[in-house]
Amino acid sequence: MPHTAEVLFNFTEFRTGIFLPKAYVVGRNEAGRLVHVHHAAKASGLGIYDIELTPPLERALSLADSLRDKNIAEAHRKGAKKVPTLAGLLNDKNKERPNVIRYLHHRSAEILKICKEQGWAVAVGMDPRKEPDAYVTPFAKRVPEPELKFIIDEDGINYQFRLVNEKGKSSPIRFHDIKVITNHPTPGWLLIDKQLMQIGQLNGDQIKPFLSRDGVQVPPAKMEKYWREFVVRVAERNDIVADGFPYGKITTPERLRLAARPHPFEDKYYLYPEFVYGRKAFPLGDPRATAVDHNVKPPFRLTRIVRDTDAETELLQVLLDLGLTRIAAGNALQTTGEDHFAALRWLLAEEVNLSGMGIEVVPAGEAGSRFTAHEGTVSLEVVEDNDWLDLKGTVVVGPHEIPFAKLVRFIQREERKFPLPDGDIFLIPEEWFAKYRPGLQFAKVEGKKVRMARSQSPLLAPLGLEVGDAGQAEAMAEAFKPSSKLKAVLRPYQLEGARWLVRHHHEQLGACLADDMGLGKTLQTISVLLYAKERLGGAAAGAGEVLGSNDSIAANHKSSSKGHPSPVGRGRGRGFEI
């Protein structure tokens with residue numbers, strides 16, 4: 001009768017409660033029974049049996065090999081000259097015993113997980129000299145539910161543990177034949193009534209106390225510690241039955257909470273969503289599936305929270321539909337734009353809208369102060385004071401009217417956070433820096449005054465502020481013709497330079513005309529001086545009057561083998577500069 005070969009993993013009890021796996025090549029007959037053990041399975045020797053070495057099989061064989069006595073001992077040698085024995089490592093007096101057991105259990109649990117996924121045979125306590133089929137332990141198709149009951153009364157806490165089958169019938173643990181195969185990680189692998197299974201989210205240590213009794217009684221003196229270290233932890237992973245204290249369950253998020261915070265490593269704000277369940281909140285990306293809300297002192301209360309990821313996805317989609325996107329790390333959202341405060345500004349602007357949609361907005365703040373959601377407005381005017389220009393204005397932010405002078409230093413230093421009189425923080429819009437900073441970079445703040453030199457008046461044009469009548473000054477410059485008293489003829493480029501000086505004269509601005517030697521700066525200057533003299537009223541107006549504090553016009557004779565062009569210069573490489 002032809003046989004087929006396959007790999008079987010057998011778990012043998014090395015010491016009480018310590019099971020170690022070993023892989024065998026076994027034969028299965030046409031009837032489907034495992035009837036023969038060929039020998040121990042090795043990755044290098046499977047080809048003669050036509051057994052394909054798949055990645056899962058290679059991993060399982062590697063894990064089993066790592067759990068051979070000598071390999072376990074070598075892994076825990078820790079540089080000692082003498083290799084320890086496995087029996088010594090598992091001795092109750094050995095401080096490393098818990099770590100060794102964890103090492104064994106994690107690898108054994110992974111082997112069992114792979115075997116279940118791949119449908120491979122597993123045996124417990126198999127004698128290789130006998131027919132293996134009698135030792136095969138199947139994975140349970142129907143796993144009983146744990147019934148964990150905690151009763152609190154004047155006698156303390158009474159903990160009862162029973163199993164409930166698919167028909168709803170419960171029975172004490174001690175009524176079943178149970179062996180703990182692994183204790184780590186949770187849930188542990190158990191052999192219950194000759195079937196392999198995992199019960200709820202319980203490990204072996206949580207099963208062992210009930211192998212010989214129906215309940216565990218904790219006296220009042222030890223209640224608080226037992227509640228914190230055991231009851232709460234069990235309830236976080238498993239549903240419980242409560243008697244003598246309030247217990248509830250929350251399985252649906254109540255709302256979405258949204259906050260803007262600076263990233264811990266980037267100089268930038270992001271939006272951080274949280275899903276709120278009762279008094280607990282889970283940040284976006286939090287891997288926890290369950291949690292508990294509880295107190296630590298009597299009278300005890302406990303609420304178990306089971307997250308609903310589908311409902312959370314629906315809540316998050318509302319924000320994504322508003323144009324937000326998740327960052328690569330996955331725990332925060334971002335807005336479009338490179339502004340470091342873009343996310344914060346977005347939240348402040350959308351706070352009312354978000355609240356109307358049922359989203360809880362956490363007030364944005366810093367060092368105990370809150371960012372205001374009010375938008376600001378600026379009104380400005382300029383007052384001429386001889387050679388100076390005084391900027392006067394008001395910034396209105398909600399109920400606050402603030403002198404513009406107080407804001408100037410912040411704009412000059414590009415500081416976004418402006419403290420308001422009531423302690424709130426006004427986030428100066430980025431657009432204000434682009435609009436006002438170029439014009440205010442040379443301004444001086446003197447008390448409540450913002451002063452600028454008259455020569456800096458062109459910087460005010462982008463702010464919508466004009467000194468004098470710029471249009472009239474331009475018209476006067478265009479209409480300029482050299483005086484009939486000028487005993488010379490201006491060439492076109494000289495006439496252009498003279499008109500440029502005339503325009504500045506009418507704007508009451510000083511000017512400097514510079515170009516190469518020999519091109520007629522002196523002639524241009526004389527023509528403008530003569531123009532100014534005639535306009536000031538004849539011969540009585542001397543050169544001192546023409547070149548007064550508000551009408552200073554100078555010619556700068558600059559020698560150079562090359563021209564010094566200015567952005568405003570035109571013709572023959574000439575440059576006119578202020």
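All of the points below concern the structure found in this document. In this text the structure is predicted, and so the values were computed from the model without any measurement.

Structural notes on the overall build of the protein chain
Okay, so step 1: Within the protein chain one finds 14 helices and 33 strands.
Okay, so step 2: Contacts spanning at least 24 positions in sequence make up 58% of the contacts within the protein chain whose residues lie at least 6 apart.
Okay, so step 3: Within the structure as shown, the protein chain displays about 31,000 Å² of accessible surface, and the carbon and sulfur contribution to it stands at 50%.

Remarks on the nonpolar core
Okay, so step 1: Grouped together as the largest cluster of nonpolar side chains are 33 residues, with contacts concentrated most on F150, Y159, F161, Y226 and W227.
Okay, so step 2: At the level of secondary structure, the elements contributing two or more residues to this core comprise strand 5 (145-153), strand 6 (156-164), strand 8 (178-180), strand 9 (190-192), strand 11 (215-218) and helix 6 (223-237).
Okay, so step 3: Considering each element in turn, this core owes the most residues, eight residues, to helix 6.
Okay, so step 4: In contact with F150, not counting residues within four places along its chain, are I157, N158, Y159, Y226, F230, V231, V234, I240, V241, A242, D243 and F245.
Okay, so step 5: Counting 29 residues, the second-largest nonpolar core is a separate cluster that includes L271, L344, L348 and F371.

Quick word on the sheet that holds strand 17 (residues 290-294)
Okay, so step 1: A sheet is described by the order of its strands in space; here three strands give the open sequence 13-18-17, paired in mixed fashion. Edge strands, defined here as strands with exactly one partner in the open sheet, are strand 13 (247-250) and strand 17. Within this sheet the neighbouring strands show an average axis-to-axis angle of 20 degrees, counted without direction.
Okay, so step 2: Relative to strand 18 (residues 302-306), strand 13 is paired through four bridges, and the arrangement is parallel. Within the sheet, the bridge partner assigned to Y247 lies in strand 18 and is L302.
Okay, so step 3: Seen against the sheet, helix 6 touches strand 17 and strand 18 and runs at an angle of roughly 135 degrees to strand 17.

What about the sheet that holds strand 10 (residues 195-197)?
Okay, so step 1: If you walk across this open sheet you meet the three strands as 8-9-10, and the pairing is antiparallel. Here the strands that pair on one side only, and so sit at the sheet edges, are strand 8 and strand 10. With strand direction ignored, the average angle separating the axes of adjacent strands in the sheet is 25 degrees.
Okay, so step 2: In this structure, strand 8 lies alongside strand 9, joined through three bridges in antiparallel fashion. Across the sheet, V180 pairs through a bridge with L190, a residue of strand 9.

Brief notes about the packing of aromatic side chains
Okay, so step 1: All chains considered together, the criterion is met by 18 aromatic pairs.
Okay, so step 2: Geometrically, the ring pair formed by Y277 and F282 is edge-to-face, given 5.5 Å between the ring centres and 90 degrees between the ring planes.
Okay, so step 3: A relative accessible area of 0% places Y277 in the buried class.
Okay, so step 4: Every member of this aromatic cluster is reached through a ring pair, and the members are F150, Y159, F161, F210, Y226 and F230.
Okay, so step 5: Just above the ring of F410 sits the side chain of R413; from NZ or CZ to the centre is 5.9 Å.

Regarding unusual backbone geometry
The phi angle of most residues is negative, glycine excepted, and most peptide bonds adopt the trans form.
Okay, so step 1: Here T186 and P187 are connected by a cis peptide whose omega angle stands at 0 degrees.
Okay, so step 2: With respect to the helices, strands and loops of the structure, P187 is situated in the loop between strand 8 and strand 9.
Okay, so step 3: A cis geometry characterises the amide bond from P298 onward to P299, with omega recorded as -5 degrees.
Okay, so step 4: Positionally, P299 belongs in the loop between strand 17 and strand 18.
Okay, so step 5: Located in the positive-phi region is D50, a residue other than glycine, with phi close to 60 degrees.
Okay, so step 6: Of note, D50 is situated in the loop between strand 3 (34-40) and helix 1 (55-66).
Okay, so step 7: The class for D50 is exposed, based on a relative accessible area of 74%.
Okay, so step 8: The backbone of K194 sits at a positive phi, close to 65 degrees, despite the residue not being glycine.
Okay, so step 9: As for its position among the elements, K194 is in the loop between strand 9 and strand 10.
Okay, so step 10: Taking the relative accessible area as the measure of exposure, K194 reaches 62% and is therefore exposed.

Details of the side chain of T182
Okay, so step 1: Following the sequence through the fold, T182 ends up in the loop between strand 8 and strand 9.
Okay, so step 2: At 2.9 Å, the side chain of T182 forms a polar contact with the backbone nitrogen of W189.
Okay, so step 3: Every residue in contact with T182, bar those within four places of it in the chain, is listed here: H105, S108, A109, G188, W189 and G204.

Re helix 1
Okay, so step 1: Under the 1.5 Å per step criterion, the end-to-end length of helix 1 is 16 Å for 12 residues, consistent within 8% with the ideal 16 Å.
Okay, so step 2: Its buried side turned inward, helix 1 meets strand 1 (4-15), strand 2 (18-28), helix 2 (69-75) and helix 4 (97-118).

Considerations on the pattern of salt bridges
Okay, so step 1: Summed over all chains, the structure comprises 28 salt bridges.
Okay, so step 2: Measuring nitrogen to oxygen at the nearest pair gives 2.7 Å for the salt bridge that ties R28 to E6. On the criterion of sequence distance, the pair formed by R28 in strand 2 and E6 in strand 1 is long-range, its members being 22 residues apart.
Okay, so step 3: We classify R28 as partly exposed; its relative accessible area is 22%.
Okay, so step 4: Linking R255 and E360 is a salt bridge whose minimum nitrogen-to-oxygen distance equals 2.7 Å. Pair noted here: R255 is in strand 14 (residues 255-262) and E360 is in strand 21 (residues 360-361), with a separation of 105 residues, a long-range link.
Okay, so step 5: Salt bridges sharing common partners tie together E254, R255, R257, E274 and E360.

A word on the environment of R454
Okay, so step 1: Mapped onto the fold, R454 is located in the loop between strand 30 (449-453) and helix 11 (470-479).
Okay, so step 2: A relative accessible area of 5% places R454 in the buried class.
Okay, so step 3: Once the C-alpha coordinates of R454 and D390 are considered, the two residues, 64 residues apart in sequence, prove to be 9.5 Å apart.

Here we look at a negative patch on the surface
Okay, so step 1: Residues D153, E154, D155 and D243 make up a contiguous surface patch of negative charge.
Okay, so step 2: Tracing the backbone through its elements, the reader meets D243 in strand 12 (residues 241-243).

Observations concerning the layout of surface pockets
Okay, so step 1: Of the voids in this model, the largest pocket is the one considered here, and its volume is about 450 Å³.
Okay, so step 2: Forming the walls of the largest pocket are 22 residues, and the residues nearest its centre are P21, K22, A23, A64 and R68.
Okay, so step 3: When contributions to the lining of the largest pocket are tallied by element, the ones reaching two or more residues are strand 1, strand 2 and helix 1.
Okay, so step 4: A per-element tally of the lining of the largest pocket places strand 2 first, with five residues.

A look at the packing of helix 1 against helix 4
Okay, so step 1: It is the contact of helix 1 with helix 4, at a shortest axis distance of 10 Å, that shows an interaxial angle of 150 degrees. Considered as vectors, helix 1 and helix 4 are oriented roughly antiparallel to each other. In the crossing of helix 1 with helix 4, the sense of the turn from one axis to the other is left-handed. In this structure, helix 1 uses P56, R59, A60, L63, A64 and S66 to contact helix 4, whose residues at the interface are Y103, R107, E110, I111, I114 and Q118.
Okay, so step 2: When the residues that make up the contact of helix 1 with helix 4 are grouped by side-chain class, the tally is seven nonpolar, two polar and three charged.

Definitions and cut-offs
Residues numbered from 1 in each chain as written. Predicted model: local features only at pLDDT ≥ 70, side-chain atom pairs only at ≥ 80, totals over all residues. Heavy atoms only, no water. Helix = DSSP H or I, 4+ residues; strand = E, 2+ residues; numbered from the N terminus. Contact = heavy atoms within 4.5 Å. Areas by Shrake-Rupley, 256 points an atom, 1.4 Å probe, with all protein chains shown as cover. Core = buried A, V, L, I, M, F, W, Y, C linked by side-chain atoms within 4.5 Å. Buried < 20%, exposed > 50% of the residue type's maximum accessible area, 1.4 Å probe, protein only. Pairing = 2+ DSSP bridges. Axes fitted to C-alpha atoms, helices over the stretch in contact; angles between N-to-C directions. Phe/Tyr/Trp six-rings, centres within 6.5 Å; stacked < 30°, edge-to-face > 60°. Lys NZ or Arg CZ within 6 Å of the ring centre and 35° of its normal. Polar contact = N/O pair within 3.5 Å; in protein donor to acceptor, adjacent residues only side chain to side chain. Expected span 1.5 Å × (residues − 1). Salt bridge = Lys/Arg side-chain N within 4 Å of Asp/Glu carboxyl O. Patch = residues over 30% accessible without salt bridge, like charges linked within 9 Å, V, L, I, M, F, W, Y side chains within 5 Å. Lys, Arg positive; Asp, Glu negative; His and termini not counted. Charge placed at Lys NZ, Arg CZ, Asp CG, Glu CD. 1 Å grid on protein atoms, 1.4 Å probe; cavity = no way out; pocket = protein on both sides within 12 Å on 5 of 7 lines; lining within 4 Å. Points joined across faces, edges and corners; volume = space filled by probe spheres on them. Parallel < 35°, antiparallel > 145°, perpendicular 65-115°, else oblique. Left-handed = near helix turned anticlockwise from the far one by under 90°. Nonpolar A, V, L, I, M, F, W, Y, C, P; charged D, E, K, R; others polar.

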